[in-house]
Amino acid sequence: MDGMSAHEDGLPEVARLLDGGGVVVLSGAGLSTESGIPDYRGPDGVRRNRAPMTYQEFVAGEPARRRYWARSHAGRAVIARARPNAGHLAVARLRAAGRVSAVITQNVDGLHRAAGTPDAVELHGGLDRVVCLDCGAVTARTVLDERLAALNPAFRDAGSRINPDGDVELPDDLVASFAVAPCAACGGVLKPDVVFFGESVPKARVEHCYRLVDEGRALLVLGSSLAVMSGLRFVRHAAKAGKPVAIVTRGTTRGDDLATTRIDAPLGETLTALAADLARGTAGPCC
Ligand SMILES: [Zn+2]
């Protein structure tokens, strides 16, 4: 598709898409920045923070896992305190009103569900739960939080800058003294139930998302630079099927040449206005 056909002032077009219903939302880190959870990438799409730990590093050995859990424990309070912002709430309203048929999120912060979209598909999993790599048991992160706090009574939140997957930079000596908790059931290795860089999204989850996109009339990307293939593939899939693709996010994205509509604007404000207009029935070019 000719990238020049995407128009910058696309608000009426997004409203028209939503008015017709059946819009599938694909959201990314940019939707959660207004909740105090930073994006890995700035509006220029360039990574701002250090590279996140890969799956290969995590499973390679105990020192890496100790570093992961120490940093994650230090950043836990920020993630646990984060609340849905106007953007999440607007999406929930649009979903409840049937304008949005499904929500797929690349975020692991659980904020779509907290905002009232209980069936949001968490493409990359969620930080609110933990999986045992040995026995497969999935348990609540809050339970692990208490165990980690008990194991590390002297540990203080010495973190400076939190990353989107909920960890912070910590001095090496603090990391070295951190005690990691094993699986309470089998003593095995615990991992947050999130898809790490270098790890594949479970196949059944990917297929479920393709189905949701197939069943939808249009795809609306919110707050993602589509830098990773796990999200970009759904944009390609929708575009290939001839469905409209609208992108609302700050800065450029890897899917811009596939978009039929492109808006560079703050998400909370934009989505609130869209949801309010649709609720009032004032959306569309004719009224
Ligand atoms: Zn286990």
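Everything numeric here is computed off the predicted structure, so don't read it as measured data.

So, on to the pairing of strand β7 (residues 218-222). Judged by how many residues are buried, β7 sits mostly within the fold: 5 of 5 residues are covered. The side-chain alternation of β7 yields two buried faces, one formed by Ala218, Leu220 and Leu222 and the other by Leu219 and Val221. Of the pairings in the sheet, the one linking strand β1 (residues 23-27) to β7 comprises 5 bridges and is parallel in character. When the sheet's bridge partners are listed, Leu26 is paired in β7 with Val221.

This paragraph deals with the nonpolar core. Residues Tyr68, Trp69, Leu144, Leu170 and Leu190 are the most contacted members of the largest nonpolar core, which totals 28 residues. If you list the elements that add at least two residues to this core, you get α3 (62-81), β4 (125-132), α6 (141-151), α7 (172-176) and β6 (190-194). The element best represented in this core is α3, accounting for 6 residues. With sequence-adjacent residues up to four places away left out, Trp69 is seen in contact with Phe58, Val130, Arg141, Leu144, Leu148, Phe178, Val180, Leu190, Lys191 and Pro192. Formed by 25 residues, the second largest nonpolar core is a distinct cluster that contains Ala90, Leu94, Val100 and Ala265.

For the rest of this paragraph, the subject is the coordination of the zinc ion. For the zinc ion, the full set of protein donor atoms is Cys132 (SG), Cys135 (SG), Cys183 (SG) and Cys186 (SG), at a range of 2.2 to 2.4 Å. Viewed at the metal, the 4 donor atoms of the zinc ion are separated by angles of 104 to 115 degrees, and the geometry they form is tetrahedral. The sequence pattern formed by the donor residues of the zinc ion is C-x2-C-x47-C-x2-C. Of the two residues, Cys132 is situated in strand β4 and Cys183 in the loop between α7 and β6; the sequence distance between them amounts to 51 residues.

Here the focus is the packing of aromatic side chains. The final tally for this structure, using the stated rule, is 5 aromatic pairs. Relative to Trp69, the ring of Tyr68 has its centre 5.2 Å away and its plane inclined at 85 degrees; by these criteria the two rings are edge-to-face. With respect to burial, Tyr68 and Trp69 carry one shared label: buried. Judged by centre distance (5.4 Å) and plane angle (40 degrees), the ring pair of Tyr68 and Phe196 falls under tilted. Residue Tyr68 is found in helix α3, and its partner Phe196 is found in the loop between β6 and α8 (203-215); the two are separated by 128 residues along the sequence. Assigned by exposure class, Tyr68 and Phe196 land together as buried. Members of the aromatic cluster, connected to one another through ring pairs, are Phe58, Tyr68, Trp69 and Phe196.

Definitions and cut-offs
- Residues numbered from 1 in each chain as written.
- Predicted model: local features only at pLDDT ≥ 70, side-chain atom pairs only at ≥ 80, totals over all residues.
- Heavy atoms only, no water.
- Buried < 20%, exposed > 50% of the residue type's maximum accessible area, 1.4 Å probe, protein only.
- Helix = DSSP H or I, 4+ residues; strand = E, 2+ residues; numbered from the N terminus.
- Pairing = 2+ DSSP bridges.
- Core = buried A, V, L, I, M, F, W, Y, C linked by side-chain atoms within 4.5 Å.
- Contact = heavy atoms within 4.5 Å.
- Donors = N, O, S within 2.8 Å, 3.2 Å for Na, K, Ca; no water.
- Tetrahedral: all angles 85-135°; square planar, octahedral: opposite > 155°, others 65-115°.
- Phe/Tyr/Trp six-rings, centres within 6.5 Å; stacked < 30°, edge-to-face > 60°.

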